[in-house]
Amino acid sequence: MGHDLSQDAEIWDDAYKLDRAHVFHSWHAQRNLDPTEVVTGHGVWLKYGDGREMLDFTSQQVNVNIGYQHPKVIEGIKKQAELLCTVGPDYANLARGRAASLVARRAPEGFDKVFFTNAGADANENAMRAARLFTGRDKILSSYRCYHGNTGAAISATGDWRRKPNDYSRGHVHFFTPYLYRSEFSATTQEEECERALAHLEHVIQFEGPDTIAAVLLESVPGTAGIIIPPKDYFKGVREITKKYSILMITDEVMAGFGRTGFWFALDDYDYTPDIISFAKGCNSGYVPAGGVIMSDPVAHRFDDIVFPGGLTYSGHPLAMGAIVATQEAMEEEHIVDNAYTIGKDVLGPQLTALYDKHPKIGEVCGKGVFWAVEMVADRTTKEPLDDATMKQIVAEGDKRGLILGVHNNRIHVTPPCVISADEATQGVEILDQVLIAAGC
Ligand SMILES: Cc1ncc(COP(=O)(O)O)c(C=O)c1O
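Owing to the predicted nature of the structure, the values given are computational and were not obtained by experimental measurement.

**A short note on the sheet that holds strand β13 (residues 403-404)**
Line of reasoning, step 1. If you walk across this open sheet you meet the four strands as β1-β2-β3-β13, and the pairing is mixed. Looking at strand neighbours, the two that pair on one side only are β1 (38-42) and β13, the edges of this open sheet.
Line of reasoning, step 2. Sheet topology note: the strand β2 (residues 45-48)/strand β3 (residues 53-56) ladder contains three bridges and is antiparallel. When the bridges of β3 are listed, Lys47 appears paired with Glu53.

Laid out in structure tokens, this is it:
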């Protein structure tokens, strides 16, 4: 028997009750969930159901790069909705073509084709599919410190705990990428860490058998794994190794792309060119779900005369494309990527470093643009991670003071929208300072 709608009549205007009655949430045991109602937002501010205006230092899933309710993006979606809400992926459509062209022009020379997906996970699925078909090989090498999405191959490529209950895809091998603060290689400098991490990768490739490996898949800045900024020469080294063994290189820009690091793509701050780039989140700040794969010309041309066996009903959905076009244009017109760069260099960088000098339980501060991590430790000498209860308290103290904070294990991720002003960023760091005092850090 179907659900009796009259049961909902009494709670029809109550977001919280409807949620608890019918919404099944991701990544959680459901019973004790207590979701906060969000009504609307503007810029870096979210309005909660209880009327509070909250400063968002998370950008949600680190995707709202352009901030909430940007008028140009709303207008772009409205215009497209009035013209054509939906059309299948086989047709040519102006919004789709424009979106592809705007995304491709941010990639390095020789990346001209974009395959659109619904989000980041399926972008990585298709990036890996393209690499496997291109090379005729199976294995994908990826980092233990990474997240690539929650679908078949993407979750098997993921390194963290989320892989373990979902690991059904074959052909995935993990290795360690640089993280000097907790070095796997007993390194004491970034140069040593870089050199040893590259030697480790080459050994893994040799032991796995280079002719079994289709691609090395890496986030340009590991995001949910901790916002770990790779050493300057790391990707150049990976590129040399992958070229040596005719292995493709896939760069995952899903979280780090479109302004987050103060560059259009995070890879722009490194001196290398991959073969395939996956993207999502910041391409239209999640106003309508979208992601995709940008293919270098050799990869794209491989499928000139043979079928690419991948597709989605909503590949290049017009509303998502309208949102991409408007987002990309607004980001350019309003110099939003430059803003993210400057906020990182002049405000978040120095101010978070000042917090390090003041709070003994901060073990490390690292980041760039509007992509920062504050690692919390029980003791700076032992680097023992700060306990979960105190990390939860940090989030709660932030909430009390009007600041939305994101925490991953023992790292606080400071990832506000790229449009944040210097005053707003300072306000957020000042609250974070009070939060750390309240939490005894
Ligand atoms: C680097 C990276 N890749 C892929 C994904 C998956 O994207 P989505 O959740 O849009 O499928 C994420 C999501 O956080 C991510 O951070």
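**Focus: helix α9 (residues 234-244)**
Line of reasoning, step 1. Burial in α9 covers these residues: Tyr234, Phe235, Gly237, Val238, Arg239, Ile241 and Thr242.
Line of reasoning, step 2. The secondary structure elements touched by the buried residues of α9 are β6 (172-175), α8 (190-208), β7 (213-219) and β8 (248-252).
Line of reasoning, step 3. Ser246 sits one or two positions beyond α9 and adopts a positive phi of about 50 degrees.

**Considerations on a negative patch on the surface**
Line of reasoning, step 1. Taken together, Glu191, Glu195, Asp233, Glu240 and Asp271 make up a surface patch of like negative charges.
Line of reasoning, step 2. One can find Glu240 in helix α9.

**Some remarks on the packing of aromatic side chains**
Line of reasoning, step 1. Inspection of every chain in the model, using the stated rule, returns twelve aromatic pairs.
Line of reasoning, step 2. Taking the centre distance of 5.9 Å and the plane angle of 70 degrees together, the rings of Trp27 and Trp161 count as edge-to-face. Taken together, the residues span a long stretch of sequence, with Trp27 in the loop between α2 (15-22) and β1 and Trp161 in the loop between α7 (152-157) and β6 at a distance of 134 residues.
Line of reasoning, step 3. Judged by relative accessible area, which is 39%, Trp27 ranks as partly exposed.
Line of reasoning, step 4. Judged by centre distance (5.1 Å) and plane angle (80 degrees), the rings of Phe303 and Phe308 are edge-to-face. Assigned by exposure class, Phe303 and Phe308 land together as buried.

**A word on the pattern of salt bridges**
Oppositely charged side chains may form a pair once their charged atoms are brought near each other.
Line of reasoning, step 1. If you walk through the whole model with that rule in mind, you get 24 salt bridges.
Line of reasoning, step 2. Taking the shortest distance from any N to any O, the salt bridge between Asp14 and Lys17 comes out at 3.8 Å.
Line of reasoning, step 3. When the shortest N-O distance is used, the salt bridge between Glu332 and Arg105 registers 2.8 Å. With Glu332 in helix α11 (residues 318-333) and Arg105 in the loop between α5 (94-104) and β4 (111-117), this pair connects stretches of sequence that are 227 residues apart.

**Description of the site of the ligand**
Line of reasoning, step 1. Taken together, the neighbourhood of the ligand is formed by Ala119, Gly120, Ala121, Asn124, Tyr147, His148, Gly149, Glu219, Asp252, Val254, Met255 and Lys281.
Line of reasoning, step 2. In the environment of the ligand, a nitrogen atom lies 3.4 Å from a nitrogen or oxygen atom belonging to the backbone of Tyr147.
Line of reasoning, step 3. For the ligand, whose unbound accessible area comes to 390 Å², protein coverage reaches 82%.
Line of reasoning, step 4. Examining the composition of the shell around the ligand, we find that three residues originate from one element, helix α6 (residues 120-135), more than from any other.
Line of reasoning, step 5. A breakdown of the residues in the shell around the ligand according to their chemical character gives five nonpolar, four polar and three charged.

**A closer look at the domain arrangement of the protein**
Accessible area lost upon the coming together of the parts is a frequently used measure of interface size.
Line of reasoning, step 1. On domain assignment, one finds that the protein holds domain 1 (15-69 + 335-438) and domain 2 (72-333).
Line of reasoning, step 2. The C-alpha-based centres of domain 1 and domain 2 are spaced at 25 Å.
Line of reasoning, step 3. Listed per partner, the contact involves 38 residues of domain 1 and 39 residues of domain 2.
Line of reasoning, step 4. Summing the contributions of domain 1 and of domain 2, the shared interface buries around 3100 Å²; its carbon and sulfur component is 59%.
Line of reasoning, step 5. Connecting domain 1 to domain 2 are two salt bridges.
Line of reasoning, step 6. A salt bridge links Arg182 to Glu375, with the nearest nitrogen and oxygen atoms 2.6 Å apart.
Line of reasoning, step 7. Scanning the region where domain 1 abuts domain 2 turns up 22 residue pairs in polar contact (both at pLDDT 80 or more).

**Notes on the sheet that holds strand β12 (residues 371-376)**
Strands pair in a sheet through their backbones, by hydrogen bonds, and they do so in one of two ways: parallel or antiparallel.
Line of reasoning, step 1. Spatial strand order, β11-β12-β15-β14: four strands in an open sheet with antiparallel pairing. The open sheet has two free edges, formed respectively by β11 (362-368) and β14 (406-408), since each of these has just one partner strand. Between one strand axis and the next, the sheet turns through 25 degrees on average, direction left out of account.
Line of reasoning, step 2. Two elements, β11 and β12, share six bridges in a ladder whose sense is antiparallel. Paired with Glu364 across the bridge in β12 is Glu375.
Line of reasoning, step 3. Together, β11, β12 and β15 (411-414) form the strand contacts of helix α12 (residues 336-358), whose direction differs from that of β11 by roughly 175 degrees.

**Brief notes about the state of the cysteines**
Simply put, disulfide is the name for a covalent bond between the sulfur atoms of two cysteines.
Line of reasoning, step 1. In the structure shown here, the tally under the stated rule is zero disulfides.
Line of reasoning, step 2. Here Cys441 is not cross-linked by a disulfide; its sulfur's nearest cysteine counterpart is in Cys366, at 17 Å.
Line of reasoning, step 3. Residue classification places Cys441 among the buried residues on the basis of a relative accessible area of 7%.

**Describing the packing of α12 against helix α14 (residues 422-438)**
Line of reasoning, step 1. With their axes 10 Å apart at the nearest point, α12 and α14 run at an angle of 15 degrees to one another. Classified by the angle between their axes, α12 and α14 sit roughly parallel to one another. When you trace α12 past α14, the crossing you get is right-handed. Residue-level contacts link Ile343, Val347, Leu348, Gln351, Leu352, Leu355 and Lys358 of α12 to Ala422, Ala425, Thr426, Val429, Leu432, Asp433, Leu436 and Ile437 of α14.
Line of reasoning, step 2. Residues of the contact of α12 with α14, tallied by class, amount to eleven nonpolar, two polar and two charged.

Criteria and thresholds
- Residues numbered from 1 in each chain as written.
- Predicted model: local features only at pLDDT ≥ 70, side-chain atom pairs only at ≥ 80, totals over all residues.
- Heavy atoms only, no water.
- Pairing = 2+ DSSP bridges.
- Helix = DSSP H or I, 4+ residues; strand = E, 2+ residues; numbered from the N terminus.
- Buried < 20%, exposed > 50% of the residue type's maximum accessible area, 1.4 Å probe, protein only.
- Contact = heavy atoms within 4.5 Å.
- Patch = residues over 30% accessible without salt bridge, like charges linked within 9 Å, V, L, I, M, F, W, Y side chains within 5 Å.
- Areas by Shrake-Rupley, 256 points an atom, 1.4 Å probe, with all protein chains shown as cover.
- Salt bridge = Lys/Arg side-chain N within 4 Å of Asp/Glu carboxyl O.
- Lys, Arg positive; Asp, Glu negative; His and termini not counted.
- Charge placed at Lys NZ, Arg CZ, Asp CG, Glu CD.
- Phe/Tyr/Trp six-rings, centres within 6.5 Å; stacked < 30°, edge-to-face > 60°.
- Near = heavy atom within 4 Å.
- Polar contact = N/O pair within 3.5 Å; in protein donor to acceptor, adjacent residues only side chain to side chain.
- Nonpolar A, V, L, I, M, F, W, Y, C, P; charged D, E, K, R; others polar.
- Domains from an automatic or database assignment.
- Buried area = accessible area lost by both parts, 1.4 Å probe.
- Axes fitted to C-alpha atoms, helices over the stretch in contact; angles between N-to-C directions.
- Disulfide = S-S within 2.5 Å.
- Parallel < 35°, antiparallel > 145°, perpendicular 65-115°, else oblique.
- Left-handed = near helix turned anticlockwise from the far one by under 90°.

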